[in-house]
Amino acid sequence: MMSELVLSIRDLRVTFDTPLGPLEAVRGVDLDVRAGEMVGVVGESGSGKSVTFLAAMGLLPHQAKVSGSVMINGQEMLGASNKVLRNMRGGLMSMIFQDPLSALNPVHRIGDQIVEMLKAHQPKMSDKDAAKRAVELLDIVGIPQAAERAHQYPHEFSGGMRQRVVIAIAIANNPKVLIADEPTTALDVTVQAQILEVIERVQKSFGTAVVLITHDLGVIARVADRVNVMYAGRNVEKGGVEALFDHPSHPYTRGLLASLPHEGIERLTPITGFPPNMLMPPPGCGFAPRCSHASDACLVSLPPLQTFGDLETACIRAEELVVKAGLS
Amino acid sequence: MNQPLLQVENLVKNFELRANSGIRKTKRIVQAVSDVSFSLDKGQTLGIVGESGSGKTTVGRCILQLLDITSGTISFEGKNLGGLSFEEMRQIRRKMQIVFQDPFASLDPKMTVGSSIAEPLVVQGVAGNHEEKVASLLELVGLAVDHAKRFPHEFSGGQRQRVGIARALALDPALIVLDEPVSALDVSIQAGVVNLFGDLQKRLGMSYVFIAHDLSVVRHIADRVAVMYLGKIVEIGDKKSIYEHPTHPYTKALLSAVPVPNPTTERSRSRIMLEGDVPSPVNPPSGCRFRTRCWKATELCASSEPQLVVRPTGQLSACHFPE
């Protein structure tokens with residue numbers, strides 16, 4: 001049985017007005033997240049992975065034009081009132097970011113910042129209960145001597161500990177979805193391993209769905225159940241993590257995996273060229289200008305996601321290419 | 001025996017921290033690099049890896065004399081760089097160059113790429129046709145000759161990093177310090193720049209000090225690897241011995257913390273989870289600096305500092321209880 005759908009994004013489009021013209025950062029993204037699963041969203045800078053979720057949280061400036069649908073727990077969020085959005089943020093869905101220091105208020109104690117979050121969504125909670133719950137939360141995210149540490153300020157914590165505090169705030173009201181946008185990119189690898197463990201623990205023990213946005217394919221391989229690969233504002237491939245790493249079908253996914261250094265190879269295989277300028281995106285497949293398999297048909301229209309074995313791939317030549325690769 | 005191109009012996013670099021809070025001024029010292037020694041042969045690449053605060057960047061800057069060293073010696077082509085006059089140092093600087101991490105900050109936005117690349121030639125008073133030299137440098141790093149007339153904002157991150165590399169190559173250096181040269185680039189772009197470093201070394205025979213936190217890139221490019229922790233080299237040796245038979249617990253933990261981009265192996269392998277963060281370099285632990293996070297630490301590790309010792313697999317490591 002499939003678990004309940006907690007976040008459903010349909011045909012999401014985000015356009016920014018810039019002095020140079022409209023910039024289409026997100027161009028029709030569909031994405032489903034079910035209770036308790038870990039969905040990885042991977043893509044390079046400018047692929048639209050962060051903007052997609054900032055739009056879902058209603059955090060983009062109002063100049064941004066957002067269209068499509070974002071359903072959280074069955075409720076439409078695009079165009080919802082501020083009151084609905086306020087209840088959603090930190091209640092149904094929370095988001096954590098790359099830099100934990102800028103996410104915390106430097107002049108308030110850690111414990112008070114968690115209490116603030118608790119009381120924003122549960123106004124009837126007593127001060128005493130909220131303070132107790134704050135310490136519990138710090139304990140859950142693995143902060144030693146939580147009761148004492150709750151009285152300290154952000155500057156008294158290390159980078160890894162601050163990210164734990166941010167996670168504690170994010171999960172304070174048992175959200176259905178936790179969106180983690182590059183949560184370990186600013187941290188050292190040994191600390192990254194700790195933070196990924198905390199996020200996994202939250203996912204497993206509270207059944208919180210997690211969306212992990214990252215550019216690091218190793219992180220995805222470690223923790224994600226399903227993966228969405230984004231390129232030029234579109235989903236180019238999605239599927240289960242094993243299938244996607246084992247037999248990627250989209251030339252971009254394959255190129256991305258091939259460009260990583262691994263044992264026993266003399267030369268790396270880069271993807272030639274660079275991502276398109278989103279002020280003037282190509283009319284066809286966004287990856288076509290860099291793709292060695294692109295044909296004339298690829299340049300005409302945007303390829304839709306199509307089921308292809310156990311993956312969904314937005315490449316009109318996927319089948320042909322796999323047959324070719326199999327023969328050679 | 002050939003003398004190494006670069007020889008660093010007992011390098012120490014202290015930074016003073018002035019805390020002006022309170023009534024009395026207090027002076028505290030951070031030892032960013034503490035007794036570091038290594039050598040680098042001609043045409044070879046030494047990778048320096050470590051987490052933030054390990055001192056790897058400071059080592060790179062000390063080699064180039066961009067920072068005054070506190071003690072120790074740095075010799076380049078057999079010449080001690082301490083004690084050189086300004087003019088002598090200027091001559092030597094031609095042979096040592098650096099490429100920085102941030103390709104956006106390291107180029108002057110108001111200078112054409114061509115004049116940025118030619119600047120070292122002008123500064124060093126190199127005679128000849130600079131335009132031709134710039135054109136050949138641009139070709140060497142995989143850019144087009146007519147790119148010389150453009151400004152940095154017209155280039156992508158990967159292209160700017162190539163411009164930075166062209167500038168470093170302008171004076172035909174014997175040594176280039178690469179300080180996190182691909183960390184700011186997307187993986188698909190990073191691969192091309194890493195290949196370029198390899199190709200240039202094969203063609204021109206210079207040596208690299210490759211400073212990075214990404215262990216998989218270092219594994220790809222380095223011949224020898226030094227692992228640093230809180231200002232000290234904890235393990236140094238051939239790439240193969242370091243990656244295949246790490247003997248220092250920190251090296252082992254660091255290698256085990258890097259996620260492998262393959263879900264099947266990544267989920268089945270055993271991992272060493274280190275507790276806590278790197279301690280503050282202002283107040284490093286006594287004895288072995290890694291002991292506060294080490295699962296093998298005993299009282300001996302707190303009281304006596306382990307020295308670098310040769311291990312059966314060939315590398316040197318500083319641990320009382322090596323693997």
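About the criteria used
Starting from 1, residues in each chain are numbered consecutively following that chain's sequence as written. By the order in which they are written, chains take letters starting at A while ligands take numbers starting at 1. Thresholds applied to this predicted model are a pLDDT of at least 70 for local features of residues and 80 or more for the giving and counting of side-chain atom pairs; totals over whole chains, interfaces and linings are not thresholded and use all residues. Heavy atoms from the whole structure form the basis of all side-chain values; hydrogens and water molecules are not counted. Helix and strand definitions here come from DSSP, where helices need a minimum of 4 consecutive H or I residues and strands a minimum of 2 consecutive E residues; each element is numbered from the N-terminal end. Buried means the residue's accessible area, taken with a 1.4 Å probe over protein chains only, is under 20% of the maximum for its type, while exposed means over 50%, and partly exposed covers the values in between. The contact criterion used throughout is that any non-hydrogen atoms of two residues lie within 4.5 Å. Salt bridges are defined as contacts in which a side-chain nitrogen from Lys or Arg sits within 4 Å of a carboxyl oxygen from Asp or Glu. We call two N or O atoms a polar contact when they sit within 3.5 Å, provided that within protein one can donate a hydrogen and the other can accept it, with sequence-adjacent residues counted only if both atoms are side-chain atoms. Per-residue confidence from the predictor is reported as pLDDT, a score between 0 and 100. Working rule for helices: expected span equals 1.5 Å times residues minus one. In plain words, nonpolar cores are sets of buried Ala, Val, Leu, Ile, Met, Phe, Trp, Tyr and Cys residues tied together by side-chain atoms within 4.5 Å. Counted charges follow a simple rule, with Lys and Arg positive, Asp and Glu negative, and His plus the chain ends left uncounted. The pairing criterion for strands is at least two bridges between them, as found by DSSP. An axis is simply a line fitted to the C-alpha atoms; with a helix, the fit covers only the stretch in contact. Between two such axes, the angle follows the N-to-C directions and lies from 0 to 180 degrees. If an angle is under 35 degrees, it is roughly parallel; if it is over 145, roughly antiparallel; if it lies from 65 to 115, roughly perpendicular; otherwise it is oblique. Definitions for this section: a left-handed crossing has its near helix turned counterclockwise from the far helix by less than a right angle. A right-handed crossing has that turn clockwise. Only Asp, Glu, Lys and Arg are considered charged, only Ala, Val, Leu, Ile, Met, Phe, Trp, Tyr, Cys and Pro nonpolar, and every remaining residue, Gly among them, polar.

*Asks:* Talk me through the environment of Leu66 of chain B; I want residue IDs and the actual numbers.
*Replies:* Residue and element names in this part refer to chain B. One can find Leu66 in the loop between helix H1 (56-63) and strand E4 (71-76). For Leu66, a relative accessible area of 45% translates into the label partly exposed. Taking the C-alpha atoms as reference points, Leu66 and Val187, 121 residues apart in sequence, are found 30 Å from one another. Setting aside residues up to four positions removed in sequence, Leu66 forms contacts with Arg61, Arg93 and Ile98.

*Asks:* Describe the interface of chain B and chain A, naming the residues involved and giving the relevant values.
*Replies:* Taken together, the contact pairs 39 residues of chain B with 40 residues of chain A. Run the count over chain B and chain A and you get 2 salt bridges. Salt-bridge contacts for Arg267 of chain A lead to Asp199 of chain B; the nearest nitrogen and oxygen are separated by 2.6 Å. At the junction of chain B and chain A, the tally comes to 18 residue pairs in polar contact (both at pLDDT 80 or more). Elements supplying a minimum of two residues to the side of chain B that touches chain A: helix H6 (187-204), helix H7 (215-221), helix H9 (249-257) and helix H10 (263-268) of chain B.

*Asks:* Can you explain the confidence of the model for chain B? Please cite residues and give values.
*Replies:* Residues with a pLDDT of 70 or more make up 98% of chain B, whose mean pLDDT is 92. Among the scores for the predicted complex, ipTM is 0.87 and pTM is 0.91.

*Asks:* Please provide a residue-by-residue account of H6 of chain B, values included.
*Replies:* All names here are of chain B. With 18 residues, H6 should cover 26 Å at 1.5 Å per step; its first-to-last C-alpha distance of 26 Å lies within 8% of that length. With 13 of 18 residues buried, H6 is to be regarded as a mostly interior element. At the C-terminal side of H6, Gly205 shows a positive phi close to 70°.

*Asks:* Please give an account of the nonpolar core that cites residues and values.
*Replies:* Counting residues in each nonpolar core, the largest one holds 67 residues, and the members touching the most others are Ile114, Leu138, Val165, Ile167, Val227 and Tyr252 of chain A. Top contributing element to this core by residue count: helix H7 (residues 159-170) of chain A, with 7 residues. Among the nonpolar cores identified, the runner-up in size contains 63 residues, and Leu121, Leu143, Leu185 and Ala222 of chain B belong to it.

*Asks:* With reference to specific residues and values, describe the side chain of Arg290 of chain A.
*Replies:* On the secondary structure map, Arg290 of chain A appears in the loop between helix H11 (251-258) and strand E11 (306-308). For Arg290 of chain A, which is buried and forms no salt bridge, the nearest opposite charge comes from Glu44 of chain A, at a distance of 4.1 Å. In contact with Arg290 of chain A, other than residues within four places in its own chain, are Glu44, Tyr231, Ile271, Thr272, Gly273, Phe274 and Pro275 of chain A together with Ser188 and Ile189 of chain B.

*Asks:* So what about unusual backbone geometry? Which residues, and what values?
*Replies:* Phi angles above zero are rare outside glycine, and Gln145 of chain A is one such case at about 45°. For Gln145 of chain A, the location among the structural elements is in the loop between helix H5 (127-140) and helix H6 (146-149). Positioned with a positive phi, Gln65 of chain B is a non-glycine residue whose angle comes to about 60°. Structurally, the position occupied by Gln65 of chain B is in the loop between H1 and E4.

*Asks:* Account for the environment of Met95 of chain A, naming residues and giving values.
*Replies:* Residues and elements named next belong to chain A. Within the secondary structure layout, Met95 lies in strand E6 (residues 93-96). On the basis of relative accessibility, which here comes to 11%, the residue Met95 falls in the buried class. Note: C-alpha distance between Met95 and Ile167 (72 residues apart in sequence) is 8.8 Å. For Met95, the contacting residues outside a window of four places in its chain are Phe53, Leu54, Met57, Leu59, Ile179 and Asp181.

*Asks:* Lay out the pairing of strand E9 (residues 224-229) of chain B with the relevant residues and their values.
*Replies:* In summary, the side chains of a regular strand alternate between the two faces of the sheet. All names here are of chain B. Burial analysis of E9 places 5 of its 6 residues in the buried class, the great majority of the element. Bridge count between strand E3 (residues 45-49) and E9: 4 bridges; the pairing is parallel. Paired with Val49 across the strands is Val227, a residue of E9. The pairing of E9 with strand E10 (residues 232-238) spans 6 bridges and is antiparallel. Directly across from Val227, in E10, lies its bridge partner Glu235.

*Asks:* Kindly report on the pairing of strand E10 (residues 234-240) of chain A, identifying the contributing residues and their values.
*Replies:* All names here are of chain A. In terms of burial, E10 is largely enclosed, as 6 of its 7 residues are buried. The sheet contact formed by strand E9 (residues 226-231) and E10 spans 6 bridges and is antiparallel. Bridge pairing in E10 places Val229 opposite Glu237. Two successive antiparallel strands, E9 and E10, enclose a turn made up of 2 residues, where Ala232 displays a positive phi of approximately 50°. Two elements, E10 and strand E12 (residues 311-313), share 3 bridges in a ladder whose sense is antiparallel. Paired with Gly239 across the two strands is Leu311, which belongs to E12.

*Asks:* Can you tell me about the packing of helix H5 (residues 157-169) of chain B against H6 of chain B, naming the residues and giving the values?
*Replies:* Residues and elements named next belong to chain B. One way to put it is that H5 packs onto H6 with a least axis distance of 10 Å and a crossing angle of 20°. Considering their axes alone, H5 and H6 lie roughly parallel with respect to each other. Pair H5 / H6 crosses with right-handed handedness. Facing H5, whose interface residues are Gly158, Arg162, Ile165 and Leu169, H6 presents Ile189, Gly192, Val193, Leu196, Phe197, Leu200 and Leu204. When grouped by side-chain class, the residues that make up the contact of H5 with H6 number 8 nonpolar, 2 polar and 1 charged.

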